[in-house]
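One letter stands for each residue in the lines below.
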Amino acid sequence: QVQLVESGGGLVQTGGSLTLSCAASGHTFNINGMGWFRQAPGKEREFVAAIRGTGGSTDYVDSVKGRFTISRDNAKNTVYLQMNSLKPEDTAVYYCAAIISGNVYRPRNYDYWGQGTQVTVSS
């Protein structure tokens, strides 16, 4: 089992920044990627960013490219999502997730999920 704990959400004004953290613990040796997803009220869970275990390549949804950066600290078993130039449409509950194998863009492929952290961007 793998446990994921997110932190760093909050309320920020348009144009502001936040950094989300996701600390992993447990049997992390078979994890091959980490992703961030978000879900706004009444909407489906949306892929935001992912970082692969091998090589550390990253992917982003188009709407956050150039504004968000996913990174990791292997020594701390922690993944980060640096969010800059935040917009009201970024408001959602943000979840981190861990994947063993499969397409990183699909929520159903992920094996472990955190509890989520609320990000609210005021206009």
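Scroll up for the structure.
Residues numbered from 1 in each chain as written. Predicted model: local features only at pLDDT ≥ 70, side-chain atom pairs only at ≥ 80, totals over all residues. Heavy atoms only, no water.

## Quick look at the sheet that holds strand β3 (residues 18–26)
Taken in spatial order, the four strands line up as β1-β3-β8-β7 in an open sheet, and their pairing is antiparallel. The strands lining the two open edges of the sheet, one partner per strand, are β1 (2–7) and β7 (68–73). Pairs of neighbouring strands in the sheet enclose a mean axial angle of 15 degrees, with direction left out of account. (Pairing = 2+ DSSP bridges. Helix = DSSP H or I, 4+ residues; strand = E, 2+ residues; numbered from the N terminus. Axes fitted to C-alpha atoms, helices over the stretch in contact; angles between N-to-C directions.)

## Concerning the pattern of salt bridges
Scanning all chains against the criterion turns up five salt bridges. The closest approach of N and O atoms between Glu46 and Arg38, which form a salt bridge, is 2.7 Å. Residue Glu46 is classed as partly exposed on the basis of its relative accessible area, which comes to 31%. Residue Arg38 is classed as buried on the basis of its relative accessible area, which comes to 6%. As a salt-bridge pair, Asp90 and Arg38 come within 2.9 Å of each other at their nearest N and O atoms. One end of the pair, Asp90, is in the loop between β8 (78–83) and β9 (92–99); the other, Arg38, is in strand β4 (residues 33–39), and 52 residues separate them in sequence. (Salt bridge = Lys/Arg side-chain N within 4 Å of Asp/Glu carboxyl O. Buried < 20%, exposed > 50% of the residue type's maximum accessible area, 1.4 Å probe, protein only.)

## Here's the deal with the packing of aromatic side chains
The final tally for this structure, using the stated rule, is six aromatic pairs. Taken together, a centroid distance of 5.0 Å and an interplanar angle of 75 degrees make the contact between Phe47 and Tyr105 edge-to-face. Of this pair, Phe47 sits in strand β5 (residues 46–52) while Tyr105 sits in the loop between β9 and β10 (112–113), and the two are 58 residues apart along the sequence. For Phe47, a relative accessible area of 9% translates into the label buried. An angle of 55 degrees between the planes, with centres 5.9 Å apart, marks the rings of Tyr110 and Trp113 as tilted. (Phe/Tyr/Trp six-rings, centres within 6.5 Å; stacked < 30°, edge-to-face > 60°.)

## What about the state of the cysteines?
Tallied over the full model, the rule gives one disulfide. Across a sulfur-sulfur distance of 1.9 Å, Cys22 and Cys96 are joined as a disulfide pair. Of note, the bridge from Cys22 to Cys96 carries an S-S torsion of about 50 degrees and is right-handed in sense. Pair noted here: Cys22 is in strand β3 and Cys96 is in strand β9, with a separation of 74 residues, a long-range link. (Disulfide = S-S within 2.5 Å.)

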